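Listed below, chain by chain, are the residues.
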Amino acid sequence: MRRLNLDQLHTFSEVVDAGSFSAAAARLELSQPAVSLQVRQLEQRLNVRLIERVGKRLKPTSAGATLLEHARRIDAAVEDAMQALSSHARGVAGEVAIGTGATACIHLLPPMLRAMRKRHPMLDIRVSTGNTDDVLAAVTENRLDIGLVTLPAAGRSLHITPVLRDAFVVIAPTGDHEWAQASTPQALAAAPMVAFESGSSTRLLIDEWFLQAGIRVRPVMALGSIEAIKEIVSAGLGYSIVPRMSVSAAHHRRGLRVAPLTPELSRTLAIVVRQDKPLTPGLRKVISALEALGSVA
């Protein structure tokens, strides 16, 4: 089935409304022959006569009147579509999917997401959580637009930009425990450790910190949730090593003693995007907002 030409359809509507080819040509800022040609081509496409002359004025035929009803609805739909697309062009609409770790999702992103929603209410930012490998795979496969992950991270098709350094701290219960003041690998080695689940980037960094001191730790628990880890520690069941951002707010460190590690340990968060990813205005704004996190951390 041959598709209607929207320009021809609009020109036909203008001719009927104006009552003549010359008046329609003036409205459309086209020559009269160009207007006549578009109507004639539309008639040929549909194989029906659309306009007839009655006295000095043009009027639609029965087929033309039927088409005119549809043409006006089509014109309205096209106008709605153009209005919607203009919002995208201004960078205030659309959808951006972010993947990151649970800690960053809970403790780092909310203020940025709140500010973005206030500035760009038509921009729909969706966040999902996962470990670094899962997020990298989703970005590579274009299931996510952007990732915020813990380094190291790699991928041939990925552009990786470090944005934020976050130190690790040791957390222990505030109660009277003989190991509650420990902060070195040697002092912590004999204490009960509540660790991140095996295989996560954070766990790998912490394990390496101990290995540098010649110690291989054996946690009493391994959990995937930073908030669960903090609850277990505050209950007096062990200590843990966590990103500082997870205990930066007072209400996030209730029941916990927080101290820096000796020697220091930190992680770097990076923005990950496919190298060939089209950077829409909305995506550019999200990337800029994520980059700005490094300046306030």
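All values derive from a computational prediction rather than experimental measurement.

What to know about the overall build of the chain
If you tally the helices and strands in the chain, you get eleven helices and eleven strands. Across its three principal directions, the C-alpha atoms of the chain cover 105 × 40 × 30 Å. For the chain, long-range pairs separated by at least 24 residues make up 72% of all intrachain contacts whose partners lie at least 6 apart in sequence. In the form shown here, the chain has an accessible surface area of approximately 16300 Å², with 51% of it arising from carbon and sulfur atoms. Each charge sign in the chain was given a centre, from 34 positive and 27 negative side chains, and these centres are 5 Å apart.

What to know about the environment of Leu58
In this fold, Leu58 is placed in strand β2 (residues 57-60). Placed 40 residues apart in sequence, Leu58 and Ala18 show a C-alpha to C-alpha distance of 8.8 Å. Once residues lying within four places of it in the same chain are set aside, the contact partners of Leu58 are Val15, Gly19, Ser20, Phe21, Ile51, Glu52 and Arg53.

Digging into the side chain of Glu14
Positionally, Glu14 belongs in helix α1 (residues 6-18). Among all residues touching Glu14, those that are not within four sequence positions of it are Ala24, Arg27 and Leu28.

Topic: the pattern of salt bridges
Considering all chains together, one arrives at eleven salt bridges under this definition. Here Arg27 makes a salt bridge to Glu14, at a shortest N to O gap of 3.1 Å. Of the two residues, Arg27 is situated in helix α2 (residues 21-28) and Glu14 in helix α1; the sequence distance between them amounts to 13 residues. With a relative accessible area of 15%, Glu14 lands in the buried category. Several salt bridges converge on common partners, so that one network encompasses Glu95, Asp124 and Arg126.

Examining a nonpolar patch on the surface
The grouping of Leu4, Leu46 and Val48 at the surface amounts to a nonpolar patch, some 200 Å² of accessible area in total. For Leu4, the position within the fold is in the segment before α1.

Comments concerning α1
Over its 13 residues, α1 runs 18 Å from end to end, which matches the ideal 18 Å to within 8%, given 1.5 Å per residue. Listing the buried residues of α1 in full gives Gln8, Leu9, Thr11, Phe12, Ser13, Glu14, Val15, Val16 and Ala18. Taken from the residues just after α1, Gly19 is the one with a positive phi, measuring 85°.

Quick word on the packing of aromatic side chains
Inspection of the entire model under this criterion finds one aromatic pair. Considering the side-chain rings of Trp209 and Phe210, the 5.0 Å spacing of their centres and the 80° angle between planes classify their relative orientation as edge-to-face. Side by side, Trp209 and Phe210 carry an identical accessibility label, which is buried.

A look at unusual backbone geometry
Cis geometry marks the peptide bond from Leu151 to Pro152; its omega dihedral reads 10°. Secondary-structure assignment places Pro152 in the loop between β5 (146-150) and β6 (158-173). Between Thr262 and Pro263 the backbone carries a cis peptide bond, its omega angle lying at 0°. With respect to the helices and strands, the residue Pro263 is situated in the loop between β10 (256-260) and β11 (266-274). Positive phi, close to 60°, is recorded for Glu29, a residue that is not glycine. The class of Glu29 is exposed, set by a relative accessible area of 72%.

As for the packing of α1 against helix α3 (residues 32-46)
α3 packs onto α1 with a crossing angle of 115° between their chain directions and a minimal axis gap of 9 Å. Between α1 and α3, the crossing angle belongs to the class labelled roughly perpendicular. Classified by chirality, the crossing of α3 by α1 is left-handed. Mapping the contact onto sequence places Asp7, Gln8, Leu9, Thr11, Phe12 and Val15 in α1 and Val35, Gln38, Val39, Gln41, Leu42 and Arg45 in α3. When its residues are assigned to classes, the contact of α1 with α3 shows six nonpolar, four polar and two charged.

Comments concerning the environment of Glu14
With 33 residues separating them along the chain, Glu14 and Asn47 place their C-alpha atoms 20 Å apart. Within polar-contact distance, the side chain of Glu14 engages the side chain of Arg27 at 3.1 Å.

Some points on helix α10 (residues 226-234)
Within α10, burial applies to Ile226, Ile229, Lys230 and Val233. End-on view of α10: buried residues confined to an arc of 95°, all on one side of the axis. In this structure, the buried side of α10 is in contact with α5 (102-107), β6, β7 (194-196), β8 (221-223), β9 (240-243) and β10. One side-chain oxygen of the residue at the start of α10 lies 3.3 Å from the amide nitrogen of Glu227, identifying that residue as Ser225.

Rules behind the numbers
- Residues numbered from 1 in each chain as written.
- Predicted model: local features only at pLDDT ≥ 70, side-chain atom pairs only at ≥ 80, totals over all residues.
- Heavy atoms only, no water.
- Helix = DSSP H or I, 4+ residues; strand = E, 2+ residues; numbered from the N terminus.
- Contact = heavy atoms within 4.5 Å.
- Areas by Shrake-Rupley, 256 points an atom, 1.4 Å probe, with all protein chains shown as cover.
- Lys, Arg positive; Asp, Glu negative; His and termini not counted.
- Charge placed at Lys NZ, Arg CZ, Asp CG, Glu CD.
- Salt bridge = Lys/Arg side-chain N within 4 Å of Asp/Glu carboxyl O.
- Buried < 20%, exposed > 50% of the residue type's maximum accessible area, 1.4 Å probe, protein only.
- Patch = residues over 30% accessible without salt bridge, like charges linked within 9 Å, V, L, I, M, F, W, Y side chains within 5 Å.
- Expected span 1.5 Å × (residues − 1).
- Phe/Tyr/Trp six-rings, centres within 6.5 Å; stacked < 30°, edge-to-face > 60°.
- Axes fitted to C-alpha atoms, helices over the stretch in contact; angles between N-to-C directions.
- Parallel < 35°, antiparallel > 145°, perpendicular 65-115°, else oblique.
- Left-handed = near helix turned anticlockwise from the far one by under 90°.
- Nonpolar A, V, L, I, M, F, W, Y, C, P; charged D, E, K, R; others polar.
- Polar contact = N/O pair within 3.5 Å; in protein donor to acceptor, adjacent residues only side chain to side chain.
- Arc of directions from axis to C-beta.

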